[in-house]
Amino acid sequence: MTEPARDPGLQPERTRLAWRRTTLSATVAATLAAKAALHDSTSAVGVVACAAVCLLWLGFLLVANRRIRALAADDRPSALAPRQATAAVLCTVAVAVCATALVV
């Protein structure tokens with residue numbers, strides 16, 4: 001007897017929406033970090049930190065966009081690749097470190 005196909009229900013859509021919310025949060029964090037870096041005066045450290053935050057945000061955006069597309073394209077998407085998960089985590093942690101450096 002064959003096993004019936006698994007019905008993923010709304011899980012892929014919920015996960016896709018969670019990626020979208022996380023991307024929006026990363027956009028807000030990157031914008032606030034850029035504003036903090038360039039608000040009072042334009043120093044070399046501020047410009048470098050702003051550029052780093054922007055590059056990290058773009059990296060996270062790339063990973064999130066790929067995952068959102070994968071979730072939307074298939075009813076039963078594959079698991080997130082460890083390489084993509086690591087990239088998303090590293091971008092998030094690096095943005096937090098840059099933001100902390102800007103505040104301190």
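Here the residue index of a chain counts from 1 through its sequence in written order. Only residues with pLDDT of at least 70 get local features here, since the model is predicted, and only at 80 or more are side-chain atom pairs given and counted; chain-wide, interface and lining totals rely on the full set of residues. Side-chain metrics in this entry use all non-hydrogen atoms of the structure; hydrogen atoms and water are not considered.

Enquirer: Run through the overall build of the chain, naming residues and quoting values.
Expert: In this text, helices come from DSSP runs of H or I with a minimum length of four residues, and strands from runs of E with a minimum of two, each type numbered from the N-terminal end. When its secondary structure is counted, the chain shows three helices and zero strands. Counted from the first residue to the last, the chain has its helices and strands arranged as α-α-α. Computed over C-alpha atoms, the radius of gyration of the chain comes to 18 Å, more than 25% over the 13 Å expected from 2.2 N^0.38 for 104 residues, which places it beyond the range of a compact globule. The principal-axis extents of the C-alpha atoms in the chain amount to approximately 70 × 20 × 20 Å. Whether two residues touch is decided by their heavy atoms; if any such pair falls within 4.5 Å, the residues are in contact. A sequence separation of at least 24 residues applies to 74% of the contacts in the chain between residues at least 6 apart. Using a 1.4 Å probe, the Shrake-Rupley method yields the accessible areas, and only the shown protein chains count as cover for residues. Element-wise, carbon and sulfur atoms account for 64% of the exposed surface of the chain, whose accessible area totals about 7500 Å². We count Lys and Arg on the positive side and Asp and Glu on the negative side, and we leave His and both chain ends out. The atom standing in for a charge is NZ when the residue is Lys, CZ when it is Arg, CG when it is Asp and CD when it is Glu. Both charge centroids of the chain, one from 11 positive and one from 6 negative side chains, sit 7 Å from each other. Note that the radius of gyration is over C-alpha atoms, with the globule rule given as 2.2 Å times the number of residues to the power 0.38.

Enquirer: I'd love a proper account of the side chain of Arg16, names of residues and values included.
Expert: Structurally, Arg16 can be placed in helix H1 (residues 11-38). Residue exposure (1.4 Å probe, protein chains only): buried if accessible area is under 20% of the type maximum, exposed if over 50%, otherwise partly exposed. Whenever a carboxyl oxygen of Asp or Glu lies within 4 Å of a side-chain nitrogen of Lys or Arg, that contact is scored as a salt bridge. Glu13 is the oppositely charged side chain nearest to the buried, salt-bridge-free Arg16, at an N-O distance of 4.2 Å.

Enquirer: Any chance you could break down the confidence of the model for the chain for me, citing the residues and the numbers?
Expert: Predicted confidence across the chain gives a mean pLDDT of 82, with 92% of residues reaching 70 or more. For every residue, the predictor assigns a confidence score, pLDDT, that lies between 0 and 100. No element of the chain has a lower mean pLDDT than helix H3 (residues 82-103), at 84, and none a higher one than helix H2 (residues 44-73), at 86.

Enquirer: Help me get a handle on the packing of H2 against H3, residues and values and all.
Expert: The convention used is that axes are lines fitted to C-alpha atoms, helices contributing only their stretch in contact, and that angles between N-to-C directions extend from 0 to 180 degrees. Put simply, H2 and H3 touch, their axes get as near as 9 Å, and they point 155 degrees apart. As far as their axial angle goes, H3 and H2 are roughly antiparallel. When you trace H2 past H3, the crossing you get is left-handed. Contacts between H2 and H3 involve Ala49, Ala52, Val53, Leu56, Gly59, Phe60, Val63 and Arg66 from the former and Gln84, Ala87, Ala88, Cys91, Thr92, Ala94, Val95, Cys98 and Leu102 from the latter. Note on residue classes: Ala, Val, Leu, Ile, Met, Phe, Trp, Tyr, Cys and Pro are nonpolar, Asp, Glu, Lys and Arg are charged, and everything else, Gly too, is polar. Its residues assigned to classes, the contact of H2 with H3 shows 13 nonpolar, three polar and one charged. For this classification, under 35 degrees means roughly parallel, over 145 means roughly antiparallel, 65 to 115 means roughly perpendicular, and everything else is oblique. Crossing handedness is read from the near helix: turned anticlockwise from the far helix by less than a right angle, it gives a left-handed crossing, and turned clockwise, a right-handed one.

Enquirer: Which residues make up the packing of H1 against H2, and what values do they have?
Expert: With their axes 9 Å apart at the nearest point, H1 and H2 run at an angle of 170 degrees to one another. The angle between the axes of H1 and H2 places the two elements in the roughly antiparallel class. When its residues are assigned to classes, the contact of H1 with H2 shows 19 nonpolar, five polar and three charged.

Enquirer: Mind laying out the state of the cysteines, listing which residues take part and the relevant values?
Expert: The term disulfide is used for any two cysteine sulfur atoms that are within 2.5 Å. Inspection of every chain in the model, using the stated rule, returns zero disulfides. Residue Cys54 stays outside any disulfide, its sulfur separated by 4.3 Å from that of Cys50, the closest cysteine. This cysteine, Cys98, is not joined by any disulfide, and Cys50 carries the nearest cysteine sulfur, 10 Å off.

Enquirer: Account for a nonpolar patch on the surface, naming residues and giving values.
Expert: Candidate patch residues must exceed 30% relative accessible area and have no salt bridge, after which like charges are joined if within 9 Å and Val, Leu, Ile, Met, Phe, Trp or Tyr side chains if within 5 Å. Residues Leu24, Val28 and Leu32 make up a contiguous nonpolar surface patch of roughly 290 Å² in combined accessible area. Turning to its location among the elements, Leu32 is positioned in helix H1.

Enquirer: Tell me what's going on with H1, and back it up with residues and numbers.
Expert: Here, expected helix span is obtained from the residue count minus one, scaled by 1.5 Å. Taking 1.5 Å per residue, 28 residues should reach 40 Å; H1 reaches 41 Å between its end C-alpha atoms and fits that length. Of the positions making up H1, those classed as buried are Pro12, Arg16, Trp19, Thr23, Ala30, Ala33, Ala34 and Ala37. Buried residues in H1 make contact with H2 and H3.

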